[in-house]
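Chain by chain, the residues run as shown.
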Amino acid sequence: MPIAFLQKQFIPFQDAKLSIAVHALHYGTAAFGGMRGTVFPEKNEILLFRLDKHAKRLSNSSKYINYDISPDYIASTIVEFVKQNKPNKSFYIRPLVYNSSLGITPKIQDESDFLIYGLELDDYLPPDGVRCSIASWQRQADVSLPLRGKITGTYITSCLAKTEALSRGFDEALLINSNGKVCEASGMNLFLVRDGKLITPGVDQDILEGITRDSIIQIAREELGLEVIERSVDKTELMIADEVFLTGTAAKVTPVKQIEQFLLPNDRPITDKIKAKFNDITQGKVSKYSHWITRIKI
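Residue numbers here run from 1 along each chain, matching the order of that chain's written sequence. It should be noted that, the model being predicted, local features are given only for residues of pLDDT at least 70 and side-chain atom pairs only at 80 or more, the latter also being counted only at that level, while totals for whole chains, interfaces and linings use all residues. In computing side-chain values, all of the structure's heavy atoms are included and hydrogens and water are not.

### Overview of the overall build of the protein
To keep things clear, this is the line we draw: Put simply, DSSP H or I for four residues or longer makes a helix, DSSP E for two residues or longer makes a strand, and each gets a number counted from the N terminus. In this treatment the radius of gyration is a C-alpha quantity, and the globule benchmark scales as 2.2 Å times the residue count to the 0.38 power. Each residue is assigned to one of three classes by its accessible area relative to the maximum for its type, calculated with a 1.4 Å probe on protein chains only: buried under 20%, partly exposed between the two thresholds, exposed over 50%. Contacts are residue-level and defined by heavy atoms, with any inter-residue pair within 4.5 Å sufficient. To measure how exposed things are, a 1.4 Å probe is used in the Shrake-Rupley method; for residues, cover is taken only from the protein chains shown. His residues and chain termini do not enter the charge count, which takes Lys and Arg as positive and Asp and Glu as negative. Where a charge lies is defined by one atom per residue type: Lys uses NZ, Arg uses CZ, Asp uses CG and Glu uses CD.
Of the regular secondary structure elements, the protein holds 7 helices and 17 strands. A globule of 298 residues ought to have a C-alpha radius of gyration of about 19 Å, and the protein, at 19 Å, matches this closely. Its C-alpha atoms give the protein principal-axis dimensions of about 50 × 50 × 30 Å. A buried classification covers 53% of the 298 residues belonging to the protein. Contacts spanning at least 24 positions in sequence make up 69% of the contacts within the protein whose residues lie at least 6 apart. Just so you have it, the protein exposes about 13,700 Å², and 51% of that area is on carbon and sulfur atoms. The distance from the centre of the 37 positive side-chain charges to the centre of the 36 negative ones in the protein is 2 Å.

What follows is the structure, encoded as structure tokens:
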């Protein structure tokens, strides 16, 4: 997208540059968010999904790098960013807070800043379903890293796992935590269906507390009347599940059709219902969830 936000000003994207000595580059002392925007040119309107939740999570993540930035400031700057860019296609916004010091000491620095950029984005993963491997790389534990924040340094494991999966001919990787339980994908939360019940790893399983995940849990309970169980999940349980799907801002709701050599059923009635309802909500078609939508006139 043509306009970025950096050092408290909107500037052309090509002019948004940082020093090669910036602390966040060397030590991973940054935290990011991600959210989608849906464009309706005929209405001169753009919809953002759960802007308040995204802003609050980034504000909380910033605390891990000693940066005090309010959710209201993050949200209002994102809205202005959208107005400045006037996108005409579906897009993805990447806000990021980072230690901006040029020092080399490996400690959390006091100097920080906030930036935003964006890009056009349609489907992040194949919408008809993905093939997943079980990563050889283990998900970190919350005792070692602040996994409730989207800290940039923690994503090296995701990068390694995703790269390994692609090298083996798969689309995505599933990560095992230190207790030997499946917890999430490289950048998505995980759900499975067994005997009509929706199951997802709990927040005590070293997962990211996903905003799409939270939305899906509410939709399943309130709209579909499903029993939702948050608990640990075994690897072998996934391979015999009735349905498996991934959720995330970029991935939205993406079905899983294969895990390692195990093929999953093509019939996914619950996944299909959840996906359809979620898409309707993000497009502003369900008045009950209108509070999840921020409408921006362009």
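Now that the structure has been shown, we can carry on.
### Points about the layout of surface pockets
Gaps left between atoms show up when a probe the size of a water molecule is rolled over them. What counts is decided by this rule: Cavity and pocket criteria rest on a 1 Å grid covering protein atoms alone: a 1.4 Å probe that fits but cannot get out defines a cavity, protein on both sides within 12 Å along at least 5 of 7 lines defines an open pocket, and an atom within 4 Å of a point defines a lining residue. Grid points are joined across faces, edges and corners, and a volume is the space filled by probe spheres set on the points. Amino acids outside the nonpolar list (Ala, Val, Leu, Ile, Met, Phe, Trp, Tyr, Cys, Pro) and the charged list (Asp, Glu, Lys, Arg) are all regarded as polar, and Gly is one of them.
Taken as a whole, the largest pocket holds about 670 Å³ of empty space. Elements with a contribution of two residues or more to the lining of the largest pocket: β6 (91-99), β7 (112-120), α4 (156-167), α5 (211-222) and β14 (243-248). It is α4 that provides the largest number of residues to the lining of the largest pocket, a total of 3 residues. Tallied by class, the residues present in the lining of the largest pocket amount to 13 nonpolar, 11 polar and 6 charged. Looking at the second largest pocket, its volume works out to about 410 Å³. Only β1 (3-6), α1 (23-27), β3 (30-32), β6 and β7 provide two or more residues apiece to the lining of the second largest pocket. Split by residue class, the lining of the second largest pocket holds 16 nonpolar, 2 polar and 2 charged.

### Observations concerning unusual backbone geometry
Even without a glycine there, the phi angle at Lys8 is positive, about 70°. Counting through the fold element by element, Lys8 comes out in the loop between β1 and β2 (9-12). Non-glycine residue Glu260 carries a positive phi angle of around 50°. Its location among the elements puts Glu260 in the loop between β15 (252-259) and β16 (262-263).

### Comments concerning the packing of aromatic side chains
Threshold: Any pair of Phe, Tyr and Trp rings, taking the six-membered ring for Trp, is counted once the centres come within 6.5 Å. Such a pair is stacked with planes under 30 degrees apart, edge-to-face with planes over 60 apart, and tilted for the rest. In this scheme, the term charge over a ring applies when either NZ of a lysine or CZ of an arginine sits within 6 Å of the ring centre and within 35 degrees of the ring normal.
Per the counting criterion, the structure on display carries 9 aromatic pairs. A centroid spacing of 4.9 Å and a plane angle of 55° characterise the contact between Phe5 and Phe10, whose relative ring orientation is tilted. By relative accessible area, Phe5 is classed as buried at 4%. Look at Phe10 and you get partly exposed, because its relative accessible area is 26%. A network of ring pairs unites the aromatic residues Phe5, Phe10, Tyr73 and Phe114 as a single cluster. Directly above the ring of Trp292 sits Arg50, whose terminal nitrogen or CZ lies 4.2 Å from the centroid. Over the face of the ring belonging to Phe170 we find Arg131, whose NZ or CZ atom lies 4.8 Å from the ring centre.

### Remarks on the nonpolar core
For the record, the criterion: Buried Ala, Val, Leu, Ile, Met, Phe, Trp, Tyr and Cys residues form a nonpolar core when they are joined through side-chain atoms within 4.5 Å.
One finds Leu48, Ile78, Val82, Ile93, Val97 and Phe114 to be the most contacted residues of the largest nonpolar core, which totals 25 residues. For this core, the secondary-structure elements that each account for two or more residues are β4 (35-40), β5 (45-49), α2 (51-63), α3 (71-85), β6 and β7. No other element matches α3, which puts 6 residues into this core.

### Topic: the environment of Asp110
Its location among the elements puts Asp110 in the loop between β6 and β7. Owing to a relative accessible area of 66%, Asp110 belongs among the exposed residues under this scheme. Note: C-alpha distance between Asp110 and Lys197 (87 residues apart in sequence) is 47 Å.

### Some words on α2
Rule in force here: Expected helix span is given by 1.5 Å per residue-to-residue step, counting one fewer step than there are residues.
Taking 1.5 Å per residue, 13 residues should reach 18 Å; α2 reaches 19 Å between its end C-alpha atoms and fits that length. If you check which residues of α2 are buried, you get Leu51, His54, Ala55, Arg57, Leu58, Ser59, Ser61 and Ser62.

### Quick word on the packing of α2 against α3
Operational definition: Throughout, an axis means a line fitted to C-alpha atoms (over the contacting stretch in the case of helices), and angles, computed between N-to-C directions, take values from 0 to 180 degrees. The scheme is simple: roughly parallel for angles under 35 degrees, roughly antiparallel for over 145, roughly perpendicular for 65 to 115, oblique for anything else. In this scheme, a crossing is called left-handed if the near helix is turned counterclockwise away from the far one by less than a right angle; it is called right-handed if the turn is clockwise.
Where α2 meets α3, the axes come as close as 8 Å, and the angle between the chain directions of the two elements is 125°. Here α2 is positioned oblique relative to α3, judged by the angle of their axes. At the point where α2 passes α3, the crossing takes the right-handed sense. Residues Leu51, Ala55, Lys56, Leu58 and Ser59 of α2 pack against Pro71, Ile74, Ala75, Ile78 and Val79 of α3. For the contact of α2 with α3, the per-class residue count stands at 8 nonpolar, 1 polar and 1 charged.

### Description of the pattern of salt bridges
So the rule is basically this: Take a side-chain nitrogen of Lys or Arg and a carboxyl oxygen of Asp or Glu: if they are within 4 Å of each other, that pair is a salt bridge.
Evaluated as defined, the whole model comprises 18 salt bridges. Between Arg168 and Glu260 there is a salt bridge, and its shortest N-O distance comes to 2.8 Å. With Arg168 in the loop between α4 and β9 (172-176) and Glu260 in the loop between β15 and β16, the pair connects residues that are 92 residues apart, well separated along the chain. Take Glu260: its relative accessible area is 15%, and that puts it in the buried class. One salt bridge connects Glu223 with Lys277, and the closest N-O pair in it is separated by 3.9 Å.

Keep in mind that these numbers describe shape and distance, not what the molecule does.
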